[in-house]
Amino acid sequence: MPIATVNPANGETLRTYEAMGEEEVERRLQLAEATFRTYRTTAFDERARLMHRAAGLLEADQEEIGRVITTEMGKPVRQARAEAAKCAKAMRWYADHAAELLADEEPAASDVKDSGASRALVRHRPLGPVLAVMPWNFPLWQVIRFAAPALMAGNVGLLKHASNVPQTALYLEDLFHRAGFPEGCFQTLLIGSAAVDDVLRDERVRAATLTGSEPAGRAVASTAGEMIKKTVLELGGSDPFVVMPSADVDRAAEVAVTARTQNAGQSCIAAKRFIVHTDVYDAFVERFTAGMRALRVGDPMDEETEVGPLSSEQGVNDLVELVDDAVRGGASVLCGGERPDGPGWYYPPTVLAGVTRAMRIHREEAFGPVATLYRAADLDEAVLIANDTDFGLSSNVWTRDDGDVDRFVRDLEAGGVYVNGMTASHPAFPFGGVKRSGYGRELSGQGIREFCNITTVWHGA
């Protein structure tokens, strides 16, 4: 794939970039290693000062960078500005909490004595240059939720961003430079996917994080395993959205529309499979389908647009194949389901009923505004359907029954259970999944400690 800005609203190539050659990549690796040697010794107060400054600059830039994001990957401009604001919030959160999250830990005095020590502690030290392989769907947020904790921990970052968001990638390097971070603290590598393996194998790169597809995750994990390097992977998702009889059905249906179509449904944590108890199935489906049908699809630069184009023609083709396969297998299209004529990579909000295990869309992630409906006879069947997937990123449960909540929290195979609300990431809460959705955690204290050398310090008596 060429490194280029291609407007998804009309398919026009606006700008192309030459991939960095071996000499430039080597220069940047050398700089990252040299910068780490000194940056790792900076105080938390200094790192926090720089991070707060970067957050302020990002807030000031949100209109400009929002339009860049919209141009590069099609996100409605209001959502793009909100993404920038969310990033600034996370940067400030880590600036304010990193020292506390990484403070020395002291074991119980009895354990220290039993070990024969006069004193012992656990210290969190940075690892070094961390490679981030990031996707296009949240081109700021996916990077910042890695970069903010990594830099606050004393690491330095190397970003290999998706090839269709090069302007956003270069903006991020410039942002940290303007904020005053030492040169080499955060660098963008404009390289293709084929060049990632060589960078990851370089001894100066100490760890890697990837958000993306299963094949990309397998490739990075395989190389990192061979080189014995730490990785964090956030891969696909096919999150369940379960509605039980005690739920506020009107509210559940309203939130379900947003949960399925935010960012045109191009989100790993978007609700994709809607599992509804038979007692409220008809009422929910009527409201949900009406809400999906009423969404405004159009020019992502229009402030009133709710669903913009998909990021690529291939993304549309993938959805067409999944929907057509489901229809051939007997699924009913309650709304949408047909690619519109005209320029741009658009696909309408679509609802499918009668989905079965034999259909591809039951097994594969639909990365776009297509929802699948399932009828559950009881709580047991709802749990079985929800877990009948290779993915396990997050989940949504709508019920006012505490017994239901306890059961879902106990039995759902996912990295998160959101009760009476939609999945959303927040810097204070760990984020990540199980099964083929990956491993490790981003955000919160767990996220900042993923790329730390957790060091036992023991003093003899």
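These figures come from a predicted structure and were not determined experimentally. Counting restarts for each chain: residues are numbered from 1 in the order of the written sequence. Since the coordinates come from a predicted model, pLDDT governs what is reported: local features require at least 70, and pairs of side-chain atoms require 80 or more to be given and counted, while whole-chain, interface and lining totals use all residues. As a convention, hydrogens and water are excluded, and side-chain values are obtained from all of the structure's heavy atoms.

**Quick notes on the overall build of the protein chain**
Argument step 1. Counting its regular elements, the protein chain contains 15 helices and 19 strands.
Argument step 2. For 461 residues, the compact-globule formula gives about 23 Å, and the C-alpha radius of gyration of the protein chain, at 23 Å, lands near that figure.
Argument step 3. The dimensions of the protein chain, computed from C-alpha atoms along their principal axes, are 70 × 60 × 40 Å.
Argument step 4. Think of it in three bands: with a 1.4 Å probe and only protein chains considered, a residue is buried below 20% of the maximum accessible area for its type, exposed above 50%, and partly exposed in between. Burial status across the protein chain gives 57% buried among its 461 residues.
Argument step 5. For this analysis, residues touch if any pair of their heavy atoms sits within 4.5 Å. Contacts in the protein chain between residues at least 24 apart in sequence constitute 73% of all its contacts with a sequence separation of at least 6. Runs of E in the DSSP output that reach at least two residues are strands. Runs of H or I that reach at least four are helices, and both are numbered from the N terminus. We compute the radius of gyration from the C-alpha atoms alone; for a globule the expected value is 2.2 Å times N to the 0.38, where N is the number of residues.

**Describing the sheet that holds strand 7 (residues 207–211)**
Argument step 1. Strand order in the open sheet formed by 6 strands is 6-5-4-7-8-18, with mixed pairing between adjacent strands. With one partner strand each, in any of the chains shown, strand 6 (186–188) and strand 18 (438–439) form the two edges of the open sheet.
Argument step 2. Taken strand by strand, helix 6 (residues 166–178) contacts strand 5 (156–160) and strand 6, and its axis lies near 155 degrees from that of strand 6.
Argument step 3. Axes, fitted as lines to C-alpha atoms, cover a helix only where it is in contact. Angles between the N-to-C directions of the axes lie from 0 to 180 degrees. Lying on the sheet, helix 8 (residues 214–227) is in contact with strand 7, strand 8 (230–234) and strand 18; it crosses strand 8 at an angle near 170 degrees. Criterion used throughout: strands pair if DSSP finds at least two bridges between them.

**A closer look at the side chain of Glu450**
Argument step 1. By secondary structure assignment, the location of Glu450 is in the loop between helix 15 (444–449) and strand 19 (452–460).
Argument step 2. Among the polar contacts made by the side chain of Glu450, one reaches the main-chain amide nitrogen of Arg441 at a distance of 2.7 Å.
Argument step 3. If near-sequence neighbours (up to four positions away) are discounted, Glu450 is found in contact with Lys230, Val232, Gly440 and Arg441. Any pair of N or O atoms that falls within 3.5 Å is considered a polar contact. Within protein, one atom must be able to donate a hydrogen and the other to accept it, and sequence-neighbouring residues count only if both atoms are side-chain atoms.

**Regarding empty space enclosed by the protein**
If you roll a probe as big as a water molecule over the atoms, it shows you where there is empty space left.
Argument step 1. Here the term cavity refers to a set of points on a 1 Å grid, laid over the protein atoms alone, in which a 1.4 Å probe fits but cannot get out; the term pocket refers to an open set having protein on both sides within 12 Å along at least five of seven lines, with lining residues being those that place an atom within 4 Å of a point. Grid points are joined across faces, edges and corners, and a volume is the space filled by probe spheres set on the points. For the structure on display, the rule yields 5 cavities of 30 Å³ or more.
Argument step 2. Looking at the largest cavity, its volume works out to about 90 Å³.
Argument step 3. Looking at the largest cavity, it is lined by 13 residues, and the ones nearest its centre are Arg145, Phe146, Glu442, Gly447 and Phe451.
Argument step 4. Secondary-structure elements contributing two or more residues to the lining of the largest cavity are helix 5 (141–152) and helix 15.
Argument step 5. It is helix 5 that provides the largest number of residues to the lining of the largest cavity, a total of 4 residues.
Argument step 6. Roughly 70 Å³ of volume is contained in the second largest cavity.
Argument step 7. Pro240, Ala386, Phe391, Ser394 and Glu413 are the residues nearest the centre of the second largest cavity, which is lined by 15 residues in total.
Argument step 8. Broken down by secondary-structure element, the contributors of at least two residues to the lining of the second largest cavity are strand 9 (239–243), helix 13 (379–387) and strand 14 (391–392).

**Some words on the pattern of salt bridges**
Argument step 1. The working definition used for a salt bridge is a side-chain nitrogen of Lys or Arg within 4 Å of a carboxyl oxygen of Asp or Glu. Summed over all chains, the structure comprises 35 salt bridges.
Argument step 2. Here Arg37 makes a salt bridge to Glu33, at a shortest N to O gap of 3.9 Å. You can see Arg37 and its partner Glu33 sitting in helix 1 (residues 22–39), 4 residues apart, about one turn around the helix.
Argument step 3. Accessibility expressed as a relative area gives 53% for Arg37, which makes it exposed.

**Describing the environment of Pro340**
Argument step 1. One can find Pro340 in the loop between strand 11 (332–335) and strand 12 (350–353).
Argument step 2. Apart from the residues within four sequence positions on either side, Pro340 is in contact with Tyr346, Tyr347 and Pro348.

**Details of the side chain of Asn263**
Argument step 1. As for its position among the elements, Asn263 is in the loop between helix 9 (249–261) and strand 10 (271–277).
Argument step 2. According to the relative accessible area criterion, Asn263 is buried, its value standing at 1%.
Argument step 3. Side chain to side chain, Asn263 and Lys75 meet in a polar contact 3.0 Å long.
Argument step 4. Residues in contact with Asn263, not counting those within four places in the same chain, are Met73, Lys75, Gln79, Asn137 and Phe138.

**Some points on the confidence of the model for the protein chain**
Argument step 1. The pLDDT score gives, residue by residue, the confidence of the prediction method on a 0 to 100 scale. Put simply, the protein chain has an average pLDDT of 98, and 100% of its residues get 70 or more.
Argument step 2. When the elements of the protein chain are averaged for pLDDT, helix 4 (residues 109–114) gives the smallest value, 96, and strand 5 the largest, 99.

**With respect to the sheet that holds strand 11**
Argument step 1. Within the open sheet, the 7 strands sit side by side as 11-12-13-10-9-15-16. Their pairing is mixed. The sheet is open, and its two edges are formed by strand 11 and strand 16 (418–419), each paired on a single side.
Argument step 2. Against the sheet, helix 9 contacts strand 9, strand 10, strand 13 (370–376) and strand 15 (396–398), and its axis sits at roughly 160 degrees relative to strand 10.
Argument step 3. Each of strand 9, strand 10, strand 11, strand 12 and strand 13 touches helix 10 (residues 281–294); the most contacted strand, strand 13, lies at about 175 degrees to it.

**Here's the deal with the environment of Asp248**
Argument step 1. The topology assignment puts Asp248 in the loop between strand 9 and helix 9.
Argument step 2. Sequence-wise, Asp248 and Lys113 are 135 residues apart; in three dimensions their C-alpha atoms are separated by 56 Å.
Argument step 3. The contact partners of Asp248, leaving out residues within four places of it in the chain, are Trp398 and Arg400.
Argument step 4. One polar contact links the side chain of Asp248 to the main-chain amide nitrogen of Arg251, over a distance of 3.1 Å.

**Examining the nonpolar core**
Argument step 1. Residues grouped as a nonpolar core are buried Ala, Val, Leu, Ile, Met, Phe, Trp, Tyr and Cys residues, joined through side-chain atoms within 4.5 Å. If you look at the biggest cluster of nonpolar residues, it comprises 86 residues, and the most contacted ones within it are Met51, Leu58, Met91, Leu131, Leu140, Phe176 and Phe181.
Argument step 2. Sequence-distant contacts of Leu140, defined by excluding residues within four places in its chain, comprise Leu58, Ile65, Ile69, Glu83, Ala84, Cys87, Thr168, Tyr171 and Leu172.

**A word on the packing of helix 3 (residues 77–101) against helix 5**
Argument step 1. Following both chains from N to C, one finds helix 3 and helix 5 inclined at 15 degrees, their axes separated by 9 Å at the closest point. Between helix 3 and helix 5, the angle falls in the class roughly parallel. Considering only the axes of helix 3 and helix 5, their crossing is right-handed. On helix 5, the residues touching Glu83, Lys86, Cys87, Ala90, Met91, Tyr94, Ala95 and Ala98 of helix 3 are Trp141, Ile144, Ala148, Pro149 and Met152.
Argument step 2. Its residues assigned to classes, the contact of helix 3 with helix 5 shows 11 nonpolar, no polar and 2 charged. By the definition adopted for this analysis, an angle is roughly parallel if under 35 degrees, roughly antiparallel if over 145, roughly perpendicular if from 65 to 115, and oblique otherwise. By definition, any crossing whose near helix is turned counterclockwise from its far helix by less than a right angle is left-handed, and any crossing with a clockwise turn is right-handed. Throughout this entry, Asp, Glu, Lys and Arg are counted as charged residues, while Ala, Val, Leu, Ile, Met, Phe, Trp, Tyr, Cys and Pro are counted as nonpolar. The remaining residues, Gly among them, count as polar.

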